[in-house]
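# Residue-level structure breakdown
If you want the building blocks of each chain, they are given just below.
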Amino acid sequence: MEPLLAILVGLFFAAAIYLMLSKFTIRIMLGIAILGNAVNLLLFTSGRLTREVPPIIPAGLDALPAGTANPLPQALILTAIVISFSFLAFLLVLTYRAYQDLGTDDTSEMRAAEPDNRPLPPLGY
Amino acid sequence: MAAATSTIDLSAALVTAPVPIGHWFAILPVAHCITLGAVLLMLRAHLRLQAWLAISGLAMLALIDAALLAKVAAEGPLTMVMGRWLPPFGIAFTVDLFGALMAFTSALVALAAGIYALADIGESGRRYGFFPLLMLLMAGVTGAFLTGDVFNLYVWFEVLLISSFGLIILGSERQQIDGALKYAVLNLIATTLFLIGVGILYAVFGTLNMADIAARSRDLRATAPLMTLASLFLLAFAMKAAAFPVNFWLPASYHTPRIVVSALFAGLLTKVGIYALIRVVVMLLPVERQELSPLIALAAAATILVGALGALAENDIRRLFGYVVISGIGNMLAGVALGSPGGGISGAVFYALHSMVLMTALYLAAGEIARRGGGFLLSGLGGLYRQSGGFTALSLVLFLAACGLPPFSGFWPKVILVKASLDSGAWWLAAVILVGGFLTTIAFGRLFLLAYWRPAPTAAMPSAAVWRTGLPLAALTALIVGFGILPERLLALSQAAAAGLADPQAYLHSVFPGGAQ
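First things first, this report covers the structure right here in the doc. In this text, all values refer to a predicted model and were calculated from it rather than measured experimentally.

Our next topic: the overall build of chain A. For chain A, the helix and strand inventory stands at three helices and zero strands. Scanning chain A from its N terminus toward the C terminus, one meets helices and strands in the order α-α-α. For a compact globule of 125 residues, the expected C-alpha radius of gyration is about 14 Å, and chain A comes in at 22 Å, more than 25% above that figure. In terms of overall dimensions, chain A has C-alpha extents of about 80 × 35 × 30 Å along its principal axes. Counting across all 125 residues of chain A, residues that qualify as buried make up 37%. If you take every contact in chain A between residues at least 6 apart in sequence, the share linking residues at least 24 apart comes to 54%. If you sum the accessible surface of chain A, you get close to 7500 Å²; carbon and sulfur atoms cover 68% of it. Looking at chain A, you have 7 positive and 9 negative side-chain charges, and the mean spots of the two groups are 3 Å apart.

Right, dumping it as structure tokens:
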């Protein structure tokens, strides 16, 4: 299971980086969405991957028996999913707004903050 | 795959007893910020009340942080574990001297910015939620400084990131949207890189508690890919801190928001990146830091020079100050590269504390320059000296401190760093630090010449000075002068903080009172 997931994570990262290298904001957003999922899977793979024994402490014991699934990565992923989802939502709105206001989704033409023809600083006193 | 069996007695961690009252102190600043943020959000219809409550809350935060700092300085690191699930299971908040110092300084800076915001943030900005977002930003920043758990550090990074998104687009101008998009995307990618590092860290160590990691990294060095981990963390935090190859988002975005937001960001956010870098790379993975130090030194040198040269070429004073932030980051990275606890690290800690205060003060001064001179462009400014001698003197103090000239607080960390690099034989790094300081001096000299000494090109109509902008600026400048003239106390504190990072025995003992080994 682990090698399979590792390859999948690698593919996700490759796709995400390829998309994020694009000039167009919407592709960058898609890249970020895939990146978030890649990281979640990576976190998942970094714990023990088992599907047989759920992490439940049986009656009479006060620790998990050996060979159970690891609950911690699942807690970590849950946090990471919530965060990455909310950030993606924010970024999508921001991108849409930028497209409306700046009239382009090409990052090389988004020069409102750093215009191309800025005046030179004073060269003499 | 959780690694190697632990040397810690895990059965003790399952014994539940209430958290001792004294331990709650470690989490009080963060709880205070979040609670106040929520209360302020509820008061969104009462804008005056909201502002004053926020400022008294920030003053309260500064008091709490001061008390925490005093306690930690007197008694050593303080740990609280959530729900008494003892480490390595529970999430721990461990406050050591380094974290407490950074938290206290950040609270002072936020208080100054909050007072300045009374004048700078208009009603629409307050309606938009400036003060609640400020409190949540402080929750994120303070949480990052105080936490003792790597994943928890990631969560605080996200808290401060989402609040900073809200702050940076306050006003929704075209320029701000453009700046915010670049800031948001690049910072999110940096934080995701950090999360990748956390995932691999967990796979290697089977724990996320910093003290546990610090204790175990020695045994795992032969088998685990710790070098990969250190490099990943280095890249992620360098991106957060705007170090050389990954710094271009900073000058693209920091000049777009309201001036008080720029001041907060310049003062706090890049320093959180440096803090995390020092915490993870210096304390948790010291051997890897040593291996990586030539690379860090190169990045530091490039950052210093890029920052100084960028500052020389700028016309907009806010962008100029952005480049000064970058060159300051270079100086701190140089300290990390040198790594000796008495020299490099303590220099970096001192520089970070000084830079938090100074950068905020510089941006607040930029707002004041714009108010008096009618704009941020050097080509249009002039005649400020004739307008107000007091403000000119105050600005000159800030400029000299930023250049690292005595007798102001920028001088001492540079002395430490130059001495440390000469001691370790890295003469070229000392030279770069000095040349960077020289170029910054020229950049500030040019700014002073053009904006202050030159006769005003157009007759600007300054509005009357108000205490809301004057008071925080004067207070921050007084801090800079004070720590320039009487640096011994801060010097001793930053050396103690650096010693605690280099040899985290006290930190470990605070998390595992029973002994980790």
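Our next topic: the packing of aromatic side chains. In total, this model carries 27 aromatic pairs over all chains according to the counting rule given. Seen in terms of ring centroids, Phe90 of chain A and Phe165 of chain B are 5.1 Å apart; in terms of plane orientation they differ by 20°. Their pairing is stacked. Of this pair, Phe90 of chain A sits in helix α3 (residues 71–102) while Phe165 of chain B sits in helix α6 (residues 150–168), each in a different chain. Judged by relative accessible area, which is 22%, Phe90 of chain A ranks as partly exposed. Geometry around Phe391 of chain B places Arg372 of chain B over its ring, the cationic atom sitting 4.8 Å from the centre.

Below, the discussion takes up the interface of chain B and chain A. Contacts between the two partners involve 48 residues from chain B, matched on the other side by 44 residues from chain A. Between chain B and chain A the total buried area reaches about 3800 Å² when both faces are included, carbon and sulfur atoms providing 74% of it. Inspection of the chain B/chain A interface yields one salt bridge. Ionic pairing is found between Arg319 of chain B and Glu114 of chain A, a salt bridge with its closest N-O pair at 3.1 Å.

What counts and how
- Residues numbered from 1 in each chain as written.
- Chains lettered and ligands numbered in written order.
- Predicted model: local features only at pLDDT ≥ 70, side-chain atom pairs only at ≥ 80, totals over all residues.
- Heavy atoms only, no water.
- Helix = DSSP H or I, 4+ residues; strand = E, 2+ residues; numbered from the N terminus.
- Rg over C-alpha atoms; globule rule 2.2 N^0.38 Å.
- Buried < 20%, exposed > 50% of the residue type's maximum accessible area, 1.4 Å probe, protein only.
- Contact = heavy atoms within 4.5 Å.
- Areas by Shrake-Rupley, 256 points an atom, 1.4 Å probe, with all protein chains shown as cover.
- Lys, Arg positive; Asp, Glu negative; His and termini not counted.
- Charge placed at Lys NZ, Arg CZ, Asp CG, Glu CD.
- Phe/Tyr/Trp six-rings, centres within 6.5 Å; stacked < 30°, edge-to-face > 60°.
- Lys NZ or Arg CZ within 6 Å of the ring centre and 35° of its normal.
- Buried area = accessible area lost by both parts, 1.4 Å probe.
- Salt bridge = Lys/Arg side-chain N within 4 Å of Asp/Glu carboxyl O.

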